[in-house]
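Here are the chains, one letter per residue:
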Amino acid sequence: MNPKPQIIKVPEREEISPAAAPGVPAIEVHDLTVAYRTQPVLWDVDLALPEGKLIAIVGPNGAGKSTLLKAILGLVPAVTGWVQIFGETYAKRRSWVGYVPQRESVDWDFPTSALDVVTMGLYGRIGWLRRPSKHHRETALSCLDKVGMRDLAHRQISQLSGGQQQRVFLARALAQDARLYLMDEPFAGVDATTERAILTLLKDLRASGRTVVAVHHDLQTVAEYFDHVVLLNLRLVASGPISTTFNADNLQRTYGGKLTVLTQATEALLQKRPLESGGE
Amino acid sequence: MSPTLVILLVGSCVAASCALIGSFLVLRKMALLGDAISHAVLPGIVIAFLITGDRAALPMVLGAGALGVITVMLVELFNRSRRLKEDASIGVVFPALFSLGVILISRYAAQVDLDLDCVLYGEIAYAPWDTLTLGGTDLGPKALWVNGSVLLLVLLFVLIFFKELKISTFDAGLAASLGFSPVLIHYLLMSMVSVTVVGAFESVGAILVVAMLVVPPATAYLLTDRLGTMLGLAVGVGVASALGGYGLARAWDASIAGAMAMVAGLLFLAALLFSPSHGLLARLLQLWRMGRRLSGQLLLLHLRKEGEVVPVSTLERRFGWTAPRLRRVLSGLLRSGWVEREGEGLRLTPRGAEVLETTGRAQLAHKL
Amino acid sequence: MELTFTARNVLIGATLLGALGGTLGSFALLRRQSLLGDALAHAALPGVCIAYLITGTKSPLPLFAGALVAGLIGSLLILATVRWSRIKEDSAIGIVLSVFFGVGIVLLTFIQKLPAGNQSGLDKYLFGQAATLVEDDLKVMAVLGAVVVAFVVAFYKEFKLLSFDPGFGSSLGLPMRRLEVLLTLLLVVVVVVGLQTVGVVLIVATLITPAAAARQWTDRLGAMLLLSAGIGAASGAVGSLASASLSRLPTGPVIVLVSSSVLIVSLLLAPQRGILWARVRERQAAERIRRENLLKDLYLLGERKADWATALTWPHLMGVRGQTGRELSRSARPLIADGLAEQIGDTLRLTPAGRKEAEQVVRKHRIWEVYLNRRLELPSDHVHRDAEAMEHTLSELAVAELEEALGFPESDPHGSPIPPRRSQRAAS
């Protein structure tokens, strides 16, 4: 138990130039339908997500949130649909996209260190038949630094706490130096300190002009953390800025009947919301 | 009894016992534990033989049963220590035990009849002549007695514990909360595996026992969703494999046990491809039909979204479909009168819009 | 030690195989595909037979090729079955394993009937008759082994990524499926190479047991690969030598027993993960808890009565925590030995040194209670029990930092005073 709050190093504000001509959305999805065997998992989804914002994807379990991310990344095949990243196909924009999968998707008992995992984010750049160089290691270390994990760089990953593991995943994504980050439940199951750290990181990413699309599990914090929201339940229910889109009506349509407690909570939340949406 | 009849009966008994027990192994995702046990019982058999000095069935069955339990306990021990995962635990335990058995045989039993070939792939053809004598009277083929008893035991086990087996297979937590220990059932099941295995050794040998334990139940699994039916089908497929295998072996003058495994495999392949409920072809058909239905629907949806006339040329790009596929979908929609041409483009007809409404509502109700 | 020609061949073959098996086995272990090797070994049999039937020779190369093709087909069938039907992976492995092997046995007996069918040459692929290894076999093994190692070195980081997080690898644009096929192919090669030496049943131990042993000693993949290869090679060498020097000891089983023993030793004794050390650590922790609890009890009883001179009776102390006389003695003995407590007849009391020590324990307990009460807002009647459960894990440094963060409280939620830190005491 460490009562001192973790200090996240604020990196020098390097802004990236806007990824594409103004007006081109970071992600554009049309008529996306994904089915597993005979069961539709995503149905006829149309989306246009703006650049430079923090965007949350919310919906009940099984709504297809992770599937949406994976479909954009081409990790699952789509029955139909058309995805563009900054105006081009994913294949052409691959180096602009970073992916943070769910923490449970790997076995953390694997014999490797935090630094090694972060270095994996550079494999696309290192190329075949070559070893990671000292420069690569330095880059990986600085990414760990940004998430406050530099001291634990050589720790075996099974000896890290859940929050620390999540931060390693984030550092790996940072190493990809992408313009668009797709994250699958980055805040799930982490302690309060880590949650604050991740939020600070996301805000820094936004400040430097990058875009983050994250599947988020906690309705209580959506309005506080994010600028835009995508409400999903097999179909797209609504998508847009928090102020206009995150309301009781849309939530009702997303979550169906099980919503009374939720509605009350969100009403209370919306009233307590700060005047500027998306936090400071 | 004619020798052929004896062989067929013995083969069927073995197949039936293995099918019944193996069904639970397959459902519990423990097929490989069965494989492991079938190898690991070797030292138990050898030790029983060394102690009693002859190849009497009962001591061997007991020895095998003991080793079966030991195997499961060791695997559990390694797995529970969390330093090895379950598959690795199996992979280190059974070869070690098997090696122990082989070494014991080589050093202490090599000159006697307990040879490795027989253990590994048995020889059912000798069954009719290997008879059981008790108090001077010839009671008939030993293999028949042994495997018949095993089958009886297995039947009793499955009948008595059917409910417990069923619940603990599909929901261990529920089983525990209902008061009976899933762990106990687990160990009982594994003991039955050991007993079945050793009974089958002499007929089909260690490695092919696995075929009888896994393949017919897997075949049945592809044909039905109900446990009782699955057990029955597994026995049926198993016996068919035994009978068919024997026939094939006679025709080709080849190993009977090997032929039985082959026939079991062929039956499995047939089910894999042609099962009406879970077979590959059925599934492909389903996917194709669904694809067609979905594609039409998606096109209609798109037209409704756009609102006006949509040029055909954009559709290909938007949907990521090949031109022939697009043409096929369109012709279907045009024929049904849900879509009409207008110049270079397409437009949704009122009837098409109506169809969309009704199906959309049905889907919405079904899904949410 | 004089080795016969055969024994020398077996030694070389077993060592080579051990090294290769350990290397590829590490990946199989980490990817939870330990038993795939078993299936591949069984599946290779029909390949060997068919190759023999086609070429009519027993030379190693075509037989290896046959085994390889069959193994590859087997692994593809397993993958396909799992992907396209409801059959689970373990059943798929079992099916391919037994059916392919059955087909192989049929072919074997068929070959037996042929006029030139000296199939005893093929038999060795089943049981591993290492004594039948000839120079040609060794050459093939060495070449194939070198190729396998070259691939592992070349694609090391990709294989690492494949084993750890294939989804992420795909998102980077790396061809994960093809890498998987490649790795499986390398596994098939090693399995086929090992068939002749250890036989079908024991191949899986050649792959998994050294890898599992190596895993206990290191947390780095690279080190694990090297160590696993080393353990495999050593087991192969020792096993083949033992089998050569003692009579009627078949090589394969002895090698397996050697590597299994290494595994057991590794599980027990390896520095971090070793089971024995874990037990020792547990026992030390339990002892420390007992010690601190008794110190605390003695202190609290003395503090309450403001009397440090009167010793407390055994039954009285037993009553505090509901301990038996034996349990209490066990806790008391180390305290007495360290001069922190003294036993007078049937009673026990703290020495002055013991009191200082106990003070620090109580300090830790009370600061922790304040934390639970204030920060986590646990009601004061709850904190005592929760504090008890967790306080023993706090170091002195942690306690000092906690104290600072809480603003140097004077007393705990029950109003009892918090003793000052040890070093400050000395100063005042």
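Rules used throughout
Residues numbered from 1 in each chain as written. Chains lettered and ligands numbered in written order. Predicted model: local features only at pLDDT ≥ 70, side-chain atom pairs only at ≥ 80, totals over all residues. Core = buried A, V, L, I, M, F, W, Y, C linked by C-beta atoms within 7 Å. Buried ≥ 20, exposed ≤ 12 C-beta atoms within 10 Å, placed from the backbone. Helix = DSSP H or I, 4+ residues; strand = E, 2+ residues; numbered from the N terminus. Contact = placed C-beta atoms within 7 Å. pLDDT = per-residue confidence, 0-100. Nonpolar A, V, L, I, M, F, W, Y, C, P; charged D, E, K, R; others polar. Expected span 1.5 Å × (residues − 1). Arc of directions from axis to C-beta. Pairing = 2+ DSSP bridges. Axes fitted to C-alpha atoms, helices over the stretch in contact; angles between N-to-C directions.

Caption draft 1: Focus on the nonpolar core. If you look at the biggest cluster of nonpolar residues, it comprises 290 residues, and the most contacted ones within it are Val 118 of chain A together with Ala 44 of chain C. Ranked by residue count, the leading element in this core is helix 10 (residues 182-221) of chain B, at 21 residues. When residues no more than four places from it in sequence are discounted, the contact partners of Val 118 of chain A are Ala 140, Cys 143, Leu 144, Val 168, Ala 171, Arg 172 and Ala 175 of chain A. Counting residues in each nonpolar core, the second largest holds 16 residues, with Leu 298, Ala 311, Val 361 and Val 362 of chain C among its members.

Caption draft 2: Structural context of the confidence of the model for chain C. Taken over all residues, the pLDDT of chain C has a mean of 86, while the share at 70 or more is 93%. Predicted complex metrics record ipTM = 0.85 and pTM = 0.83.

Caption draft 3: Examining the interface of chain B and chain A more closely. Taken together, the contact pairs 14 residues of chain B with 12 residues of chain A. Contributing elements (two or more residues each) for the side of chain B that touches chain A: helix 13 (280-306) and helix 14 (312-319) of chain B. A per-class count over the side of chain B that touches chain A returns 8 nonpolar, 4 polar and 2 charged.

Caption draft 4: A look at helix 7 (residues 192-207) of chain A. All names here are of chain A. Helix length check: helix 7 (16 residues) gives 23 Å between terminal C-alpha atoms against 22 Å at 1.5 Å per residue, within 8%. For helix 7, the full list of buried residues reads Thr 194, Ala 197, Ile 198, Leu 201, Leu 202 and Leu 205. What you see down the axis of helix 7 is that its buried residues fit within an arc of 135°, all on one side. Elements in contact with the buried residues of helix 7: strand 3 (54-58), helix 5 (134-146), helix 6 (162-175), strand 6 (180-184) and strand 7 (211-215).

Caption draft 5: Focus on the sheet that holds strand 5 (residues 97-100) of chain A. Residue and element names in this part refer to chain A. Read from one edge of the open sheet, 6 strands run 5-6-7-3-8-9, paired in mixed fashion. On the outer flanks of this sheet lie strand 5 and strand 9 (235-241), each paired with one strand and no other. The average undirected angle you get between the axes of adjacent strands in this sheet is 15°. Of the strands in this sheet, strand 3, strand 6, strand 7 and strand 8 (228-233) touch helix 1 (residues 65-72), which is tilted by about 145° from strand 6. Packing of helix 7 onto the sheet brings it into contact with strand 3, strand 6 and strand 7, and relative to strand 7 it is tilted by some 145°.

Caption draft 6: Representation of the interface of chain C and chain B. At the interface, 46 residues of chain C touch 52 residues of chain B. Mapped onto the side of chain C that touches chain B, the elements with two or more residues apiece are helix 4 (89-113), helix 10 (203-217) and helix 12 (251-269) of chain C. No other element matches the 16 residues that helix 4 of chain C contributes to the side of chain C that touches chain B. Along the lines of polarity and charge, the residues of the side of chain C that touches chain B split into 29 nonpolar, 10 polar and 7 charged.

Caption draft 7: Structural detail: the pairing of strand 2 (residues 341-344) of chain C. Residues and elements named next belong to chain C. Where strand 2 meets strand 3 (residues 347-350), 4 bridges bridge the pair, whose relative direction is antiparallel. By the bridge assignment, Gln 343 is partnered in strand 3 with Leu 348. What sits between strand 2 and strand 3 in their antiparallel hairpin is a turn of 2 residues, with Gly 345 showing a positive phi close to 65°.

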